[in-house]
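Chain by chain, the residues run as shown.
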Amino acid sequence: MSILNADLHCHSVVSDGTLQPEVLAARAAANGVELWALTDHDEIGGQHRAAAAAREHGMRYLTGTEISVTFAGETVHIVGLGFDPDDPQMKRGLEETRGGRGARAHEIAAGLAQVGIKDAYEGALKYVGNPELISRTHFARFLVETGVCKDTPEVFRRYLVEGKPGYVPHRWASLKHAVQWITDAGGMAVIAHPARYKFTANEEYALFSEFKAHGGRAVEVVTGSHTSAEYVKYAATAKEFGLAASRGSDFHSPDESHTDLGQLPYLPGDLTPVWELLADRIQ
Ligand code: AMP
Ligand code: MN
Ligand code: MN
Ligand code: MN
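Think of each chain on its own: its residues are numbered from 1, step by step along the sequence as written. Lettering for chains starts from A, numbering for ligands starts from 1, and both go in the order in which the items are written. With the structure being a predicted model, the display of local features is reserved for residues of pLDDT at least 70 and the display and counting of side-chain atom pairs for 80 or more, all residues being used for whole-chain, interface and lining totals. Processing note: side-chain calculations cover all non-hydrogen atoms of the structure and skip hydrogens and water entirely.

If you look the protein up in an unreviewed UniProt entry, it shows as PHP domain-containing protein from Ramlibacter cellulosilyticus.

Take a look at the structure:
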């Protein structure tokens, strides 16, 4: 059923969100979420807490994560849903994916130091909830705190994207491995926020067809960073590729996220919701 308040994409302090899993669960429930997933970047350390908190608030729960992947020279995010959170291959794969973040953070700080922003590594660390998961978001919070920029989107625009002083090219997991880890652990892989990637039409076609060939099953159609025109576009893409559809706010923080948990439009009625395919994985 498409008319379900499912929110299958958000972040806690276990990655680059600002709320604890329990606080997110309470907020989701207060906003009317019926089926929830916590999808921290490259991490599943919050899964047992999130599932327990969901149960307390009477929400159904799917396990979740959002894996950083490098595809055609771009970073692509693959959401995993409904996998076994204790699966050893999945845990090892995510651990490897997180592995490069420490050294990358030092390089980001070195780039920022060259344009006169000192001690950014130490500054970013103050915002980090999980020492293995230092992200550009934590640097962005430090640059807002110190008054260098007015908000986090401005930090990304001026300092943290390709061509800017704090940008460090990085190689994440392969698409094939990310889909495999999720699928082998009994879950389903979902292409996150497809409108966010700067792909040509040919590259986007390659992403969807390779994703599908590796066993990927769904695409986020309704998500916090899509416009309503993009809902329509990716609803058509889902049908073209025979993929199910997902819905998720990508909520990170009450101060930063413009889309709150559970506040998006419902999925278009003619799509197959990914939670229908995952019925036996719902807790
Ligand atoms: P990282 O995984 O360290 O490369 O950081 C990626 C994270 O940065 C994303 O998950 C978003 O939370 C955040 N992010 C990326 N681009 C932007 C942007 N333009 N404005 C604000 N946050 C962004
Ligand atoms: Mn994030
Ligand atoms: Mn993402
Ligand atoms: Mn996300």
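J.: For the domain arrangement of the protein, give the residues involved together with the corresponding values.
T.: How far each domain reaches was decided by an automatic or database domain assignment. By the assigned domains, the protein splits into domain 1 (6-97 + 171-281) and domain 2 (101-160). Of note, the centres of domain 1 and domain 2, computed from C-alpha atoms alone, are 25 Å apart. Pairs of residues are marked as contacts when any of their non-hydrogen atoms sit within 4.5 Å. Each partner contributes residues to the interface: domain 1 has 14 residues there, and domain 2 has 10 residues. Two parts placed together each lose some accessible area under a 1.4 Å probe, and the buried area is that loss summed for both. At the boundary of domain 1 with domain 2, total buried surface from both sides reaches about 900 Å², with 44% on carbon and sulfur atoms. Of all residues in domain 1, the largest losses of buried area upon contact with domain 2 belong to Asp16, Trp172 and Glu256, amounting jointly to 46% of the total for that side. Note on definitions: salt bridges are taken to be side-chain nitrogens of Lys or Arg within 4 Å of carboxyl oxygens of Asp or Glu. Counting the contacts that link domain 1 with domain 2 gives two salt bridges. With its nearest N and O atoms 2.6 Å apart, the salt bridge here joins Arg141 to Glu256. The definition of a polar contact used here is a pair of N or O atoms within 3.5 Å, where within protein one atom must be able to donate a hydrogen and the other to accept one, and adjacent residues in sequence count solely through side-chain atom pairs. Linking domain 1 with domain 2 are seven residue pairs in polar contact (both at pLDDT 80 or more). Residue polarity is assigned by list, with Asp, Glu, Lys and Arg as charged and Ala, Val, Leu, Ile, Met, Phe, Trp, Tyr, Cys and Pro as nonpolar; anything else, Gly included, falls into the polar class. Along the lines of polarity and charge, the residues of the side of domain 1 that touches domain 2 split into three nonpolar, seven polar and four charged.

J.: Quick one: what's the story with the pairing of strand 8 (residues 244-248), residue by residue and with numbers?
T.: Here's how the labels work: a residue is buried when its accessible area is under 20% of the maximum for its type, exposed when over 50%, partly exposed in between, all with a 1.4 Å probe on protein chains only. Numbering goes from the N terminus for both helices and strands, where a helix is a DSSP run of H or I of at least four residues and a strand is a run of E of at least two. Taken across its five residues, strand 8 has five buried, putting it largely inside the fold. Neither face of strand 8 is open: one carries Ala244, Ser246 and Gly248, the other Ala245 and Arg247, and all of them are buried. The definition of a right-handed crossover adopted here requires that, viewed with the strands pointing away, the path from the first strand over the helix to the second runs clockwise. Once you follow strand 7 (residues 218-223) into helix 10 (residues 228-241) and on to strand 8, the crossover reads as right-handed.

J.: Run through the packing of helix 3 (residues 88-99) against helix 8 (residues 175-184), naming residues and quoting values.
T.: At a minimum axis distance of 9 Å, the contact between helix 3 and helix 8 shows a crossing angle of 150°. When the axis of helix 3 is compared with that of helix 8, the two are roughly antiparallel. In terms of crossing hand, the pair formed by helix 3 and helix 8 is left-handed. Contacts from Gln89, Met90, Gly93, Leu94 and Thr97 in helix 3 reach Gln180, Trp181, Ile182 and Asp184 in helix 8. Fitted lines through C-alpha atoms serve as axes, helices being fitted only where they are in contact, and the angles separating the N-to-C directions of these axes extend from 0 to 180 degrees. The scheme is simple: roughly parallel for angles under 35 degrees, roughly antiparallel for over 145, roughly perpendicular for 65 to 115, oblique for anything else. Crossings are sorted by hand: turned counterclockwise from the far helix by less than a right angle, the near helix makes the crossing left-handed, and turned clockwise it makes it right-handed.

J.: Please provide a residue-by-residue account of the site of ligand 1, values included.
T.: Definition of nearness: a residue and a molecule or strand are near each other if at least one heavy atom of the residue lies within 4 Å of the molecule or strand. In the vicinity of ligand 1, the contacting residues are Asp16, His41, His77, Arg101, Arg104, Ser135, Arg136, Thr137, Pro153, Phe156 and His252. Taking Arg104, its side chain carries an N or O atom lying 2.7 Å from an oxygen atom of ligand 1. The contact in question runs from an oxygen atom of ligand 1 to an N or O atom on the side chain of Thr137, over 3.2 Å. Only the protein chains shown count as covering a residue, and every accessible area follows the Shrake-Rupley method with a 1.4 Å probe. Summarising the interface, the protein chains cover 78% of the accessible area of ligand 1, which totals 510 Å² for the free molecule. Here a cavity means grid points, on a 1 Å grid over the protein atoms only, where a 1.4 Å probe fits yet cannot get out; a pocket means an open set of points with protein on both sides within 12 Å along at least five of seven lines; lining residues are those with an atom within 4 Å of a point. For a molecule to be placed in a cavity or pocket, more than half of its atoms must lie within 2 Å of the grid points of that cavity or pocket. Most atoms of ligand 1, that is more than half of them, are within 2 Å of grid points of the largest pocket. Going through the elements one at a time, helix 4 (101-114), helix 6 (136-145) and helix 7 (152-160) are the ones with two or more residues in the shell around ligand 1. For the shell around ligand 1, the per-class residue count stands at two nonpolar, five polar and four charged.

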